[in-house]
Amino acid sequence: MTDTVTHRLPMILDEVEAVRVDRISPSYVRVELGGPALADFGVDGPLYDQRIKLVFPPERGTPSFAGVDESWLRSWWQLPVEECGPMRTYTVREVRGTGRDTRLVVDFVLHESDGASGPGSAWAAGARVGHRVVILAPRRGHAFGGIEFVPGRAGRLLVAGDETAVPAACSIVADLPPDARGAVFLEVPVAADVQPLLAPPGVEVVWLPRDGAPLGSLLGPAVLAHLGAAPVIEEPVEVDPDLWETPSYSSSGEPVEDGRAAGGRGVQDLYAWIAGESGVVTALRRALVNELGMDRRQVAFMGYWRRGVAMRS
Ligand SMILES: Cc1cc2nc3c(=O)[nH]c(=O)nc-3n(C[C@H](O)[C@H](O)[C@H](O)COP(=O)(O)OP(=O)(O)OC[C@H]3O[C@@H](n4cnc5c(N)ncnc54)[C@H](O)[C@@H]3O)c2cc1C
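Structural notes, computed from the coordinates. Everything quoted here is computed from the prediction, not taken from an experiment.

1. Focus: the site of the ligand
At step 1: Taken together, 27 residues lie around the ligand, and Thr-89, Val-109, His-111, Gly-120 and Arg-306 are the ones closest in.
At step 2: The separation between an oxygen atom of the ligand and a polar main-chain atom of Gly-120 is 2.7 Å.
At step 3: A distance of 3.4 Å is found between an oxygen atom of the ligand and a backbone nitrogen or oxygen belonging to Val-309.
At step 4: Protein chains shield 94% of the accessible area of the ligand, which is 920 Å² for the free molecule.
At step 5: Elements with a minimum of two residues in the shell around the ligand: strand E4 (87-91), strand E6 (103-109), helix H3 (119-125) and strand E14 (299-305).
At step 6: A per-element tally of the shell around the ligand places E4 first, with four residues.
At step 7: A breakdown of the residues in the shell around the ligand according to their chemical character gives twelve nonpolar, nine polar and six charged.

2. As for the packing of aromatic side chains
At step 1: Tallied over the entire structure, the rule returns nine aromatic pairs.
At step 2: When the centroid spacing of 6.2 Å and the interplanar angle of 85 degrees are considered together, the rings of Phe-56 and Tyr-90 count as edge-to-face. Here Tyr-90 lies in strand E4 and Phe-56 lies in the loop between strand E3 (51-55) and helix H1 (70-77), a separation of 34 residues in the sequence. A single burial state applies to Phe-56 and to Tyr-90, both of which are buried.
At step 3: On the basis of relative accessible area, Tyr-90 is assigned to the buried category, the value being 15%.
At step 4: Members of the aromatic cluster, connected to one another through ring pairs, are Phe-56, Tyr-90, Phe-108 and Trp-123.

3. Points about helix H5 (residues 219-226)
At step 1: For H5, the set of buried residues is Leu-219, Gly-220, Ala-222, Val-223 and Leu-224.
At step 2: Contacts made by the buried residues of H5 are with strand E8 (156-161), strand E9 (182-188), strand E10 (203-209) and helix H6 (278-291).
At step 3: Of the residues one or two after H5, Gly-228 is the one with positive phi, at around 80 degrees.

4. As for the sheet that holds E3
At step 1: Sheet architecture is open: seven strands sit in the order E4-E3-E7-E1-E2-E6-E5, paired in antiparallel fashion. Looking at the sheet topology across the chains shown, the edges are occupied by E4 and strand E5 (94-96). On average, each strand axis in the sheet is tilted by 40 degrees relative to the strand beside it, whichever way the strands run.
At step 2: Strand direction decides the pairing type here: E5 and E6, joined by three bridges, are antiparallel. Its bridge partner lying in E6, Arg-96 is registered against Arg-103.
At step 3: Each of strand E1 (11-25), E3, E4 and strand E7 (132-138) touches H1; the most contacted strand, E1, lies at about 50 degrees to it.

5. As for the nonpolar core
At step 1: If you look at the biggest cluster of nonpolar residues, it comprises 28 residues, and the most contacted ones within it are Phe-149 and Trp-273.
At step 2: Elements with a contribution of two residues or more to this core: E8, helix H4 (166-174), E9, E10, strand E13 (270-277) and E14.
At step 3: The greatest single-element share of this core, amounting to six residues, is contributed by H4.
At step 4: Setting aside residues up to four positions removed in sequence, Phe-149 forms contacts with Tyr-48, Asp-49, Leu-157, Val-159, Ile-172, Leu-176, Tyr-271 and Trp-273.

The rules behind the values
Residues numbered from 1 in each chain as written. Predicted model: local features only at pLDDT ≥ 70, side-chain atom pairs only at ≥ 80, totals over all residues. Heavy atoms only, no water. Near = heavy atom within 4 Å. Polar contact = N/O pair within 3.5 Å; in protein donor to acceptor, adjacent residues only side chain to side chain. Areas by Shrake-Rupley, 256 points an atom, 1.4 Å probe, with all protein chains shown as cover. Helix = DSSP H or I, 4+ residues; strand = E, 2+ residues; numbered from the N terminus. Nonpolar A, V, L, I, M, F, W, Y, C, P; charged D, E, K, R; others polar. Phe/Tyr/Trp six-rings, centres within 6.5 Å; stacked < 30°, edge-to-face > 60°. Buried < 20%, exposed > 50% of the residue type's maximum accessible area, 1.4 Å probe, protein only. Contact = heavy atoms within 4.5 Å. Pairing = 2+ DSSP bridges. Axes fitted to C-alpha atoms, helices over the stretch in contact; angles between N-to-C directions. Core = buried A, V, L, I, M, F, W, Y, C linked by side-chain atoms within 4.5 Å.

This is the structure in structure tokens:
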């Protein structure tokens, strides 16, 4: 690992290494990533669901970022994956330390036991102190994007997701003001994956361990029941693996300013942030927007992964 930052890109792009690795529960490995480049890590405001990119070691070669500029970055992304390494998206669960001792905590879901491995999960399963990855993350003082939790003046919050969204949801809850009101629903593979989570008194946290039940079968009905709707979720026929519907971006191309009245019964004054497997999120989106009449400006629906599909960078 280089000792100093060797380029002036408006983001952190460098190698970092695992400085601590903990198997925190059956489905999660928590890795603290450290390195001199992280001294410049910073966002303008709360972290909320700040996403980062991690690039796992390529089959050939060792990355070097000395003197790189944005044109280099664009060509690097076009290299075959064997040369640049597979890139995946993760969440900053927490920032620890300061200055050159800054560490970013990343909670990786281990999904090998589902019979579907991937480079991210495999790296985390074998991670040891000293193992390296390349990180793309916000550099203090520069716009990076990657925070989708924007509740504005909504009076009530709904945060819901599966195991991949737990790191983001926990970070969002940690950053809520003490007078926040709302509910958080988190579906995890097994009861032992439930984490201690301190929320403001007006925010109810409901953990939904599947313990063998099908993915998404608890989350959808729990969210709908909370909103006073019939807890029936229809399996979507078509699913966009890259589902991303926020006020600032629509993967389906839907207009955000749809002029719809601001919410039907049960969803007035509500802001909803929902992330997880794309099919599960698609079904919830349909129920909340089409059936309950939620205003598209008051939602963030994000496919964090898709069953049977390896994520692209
Ligand atoms: C904004 C954002 C933030 C995210 N934050 C996190 C985070 O903090 N922690 C985290 O673990 N993930 C997070 N994810 C999800 C993560 O990027 C995906 O799960 C990704 O597919 C993992 O890459 P992989 O290399 O392990 O598997 P891939 O190579 O992408 O996929 C290989 C196979 O594994 C399956 N698969 C992928 N993920 C899962 C899973 N969770 N359970 C079961 N099967 C799976 C795929 O369907 C595919 O069949 C986030 C995604 C986004 C978009």
